Amino acid sequence: MLRSARGKHGLIVRGSFFDCARHGPTKRGPIQLNETPIILPAANFLVFVAKAPEQVRNRTRRMPKMMSVLRAVIIIIALIQSVAALADSPSFNRPFVVATEDGACYAKAVPAEPLGDEGRTTVYRVEEGGDSVVQSYEWYSRKVFIFCDVDVHGTLGTIAVKFTAAHDGSKANERDATLEVYHDKDLAFAVSTLAIAGKPANVFQTFSRYFAVQSIEPEVLNGRATLKAFTNDDRILRIDLVSGSIQE
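As the structure is a computational prediction, the values presented were derived from the model and not from experiment. (Residues numbered from 1 in each chain as written. Predicted model: local features only at pLDDT ≥ 70, side-chain atom pairs only at ≥ 80, totals over all residues. Heavy atoms only, no water.)

The number of helices and strands found in the protein chain is three helices and 18 strands. Buried residues in the protein chain amount to 35% of all 248 residues. At a minimum sequence separation of 6, the contacts of the protein chain that also span at least 24 residues come to 40%. For the protein chain, the accessible surface area stands at approximately 15,300 Å², while carbon and sulfur atoms represent 57% of it. (Helix = DSSP H or I, 4+ residues; strand = E, 2+ residues; numbered from the N terminus. Buried < 20%, exposed > 50% of the residue type's maximum accessible area, 1.4 Å probe, protein only. Contact = heavy atoms within 4.5 Å. Areas by Shrake-Rupley, 256 points an atom, 1.4 Å probe, with all protein chains shown as cover.)

This part covers a nonpolar patch on the surface. A surface patch of nonpolar side chains, amounting to about 280 Å² of accessible area, comprises Met67, Leu70 and Ile74. Along the chain, Met67 falls in helix α2 (residues 45-88). Residue Met67 is classed as partly exposed on the basis of its relative accessible area of 37%. (Patch = residues over 30% accessible without salt bridge, like charges linked within 9 Å, V, L, I, M, F, W, Y side chains within 5 Å. Salt bridge = Lys/Arg side-chain N within 4 Å of Asp/Glu carboxyl O.)

This brings us to the pattern of salt bridges. On inspection of all chains with the given rule, the structure shows 10 salt bridges. Where Arg238 meets Glu219, a salt bridge forms, and the shortest distance between an N and an O atom there is 2.7 Å. Of the two residues, Arg238 sits in strand β17 (residues 236-240) while Glu219 sits in strand β15 (residues 213-221), which places them 19 residues apart along the sequence. For Arg238, a relative accessible area of 33% translates into the label partly exposed. A relative accessible area of 21% places Glu219 in the partly exposed class. The shortest N-O distance in the salt bridge between Asp240 and Arg224 comes to 2.7 Å. Here Arg224 lies in strand β16 (residues 224-231) and Asp240 lies in strand β17, a separation of 16 residues in the sequence. Take Asp240: its relative accessible area is 12%, and that puts it in the buried class. One network of salt bridges, with partners in common, ties together Asp117, Lys162 and Glu180.

The next point concerns the state of the cysteines. The full count for this structure, using the stated rule, is one disulfide. Covalent S-S linkage joins Cys105 and Cys148, the inter-sulfur distance amounting to 2.3 Å. Residues Cys105 and Cys148 share a disulfide whose torsion about the S-S bond is about -125°; that sign makes it left-handed. Taken as a pair, Cys105 in strand β5 (residues 105-111) and Cys148 in strand β8 (residues 143-152) lie far apart in primary sequence, 43 residues in all. (Disulfide = S-S within 2.5 Å.)

Nonpolar side chains in soluble globular proteins generally cluster together in the buried interior. Ile159, Leu227 and Leu241 are the most contacted members of the largest nonpolar core, which totals 21 residues. Secondary structure elements with two or more residues in this core: β8, β9 (155-163), β11 (177-183), β12 (186-192), β15, β16 and β17. By residue number, the principal contributor to this core is β8, which donates four residues. With near-sequence residues (within four places) excluded, Leu241 lies in contact with Phe147, Ile159, Val161, Val181, His183, Phe189, Ala225, Thr226 and Leu227. Listed in part, the 13 residues of the second largest apolar core include Phe96, Cys105, Ala109 and Tyr140. (Core = buried A, V, L, I, M, F, W, Y, C linked by side-chain atoms within 4.5 Å.)

At His153, a residue that is not glycine, the phi angle is positive and equals roughly 55°. Relative to the assigned elements, His153 resides in the loop between β8 and β9. Given a relative accessible area of 59%, His153 falls into the exposed group. In this structure, Asp234 takes a positive phi of about 65° despite not being glycine. Classification of Asp234 as exposed rests on a relative accessible area of 65%.

Encoded structure:
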């Protein structure tokens, strides 16, 4: 109810600000809303009542627009985070076959789990009447390079390369291996992400993982197995798969 009385500091008004805004002072009778006192300077009371309706209308008009904008911003942020997380999530492992350039050998990689490197990779030689097993490895990789009948320290042998493109973290280092190179059955050496990147920060960074190399291609030069690596700073590296040397 809008009631007023002369107080020590001004006009004491009992009622609602919104009631004053809608109706202003009235002589037709009391308007019952609440009993919260509002103390206003007596000289400013009429100015307050005259201005209040337009101020309330303006604020009321702006409120739905502000809430709509806020909801839109929240939705956009949530979508961006969802897309980033989805794009950064690795796809599931799958069985596949990869052959040498001349088709004389091929590797069959079969994962044991949807994620990770547990599984088996078997190298076969193509022969009449049935393919024969050349080597078998107790690991899985989504990218495998194989070379059959190539020079391995003076004798013809098989080279298999386990390639790991992405690693958890944000910087290249000596612990994470981009390449693990096998001579016949045994692990000969590994090439770290830092050896490829050259600098810890020279990586392609996603939400929670990094890539030390853009792409890698197999190449046989004069019977010697090599890999050609394209780095994130547009260098081209040639990796000797026998000695482990890296040259630009």
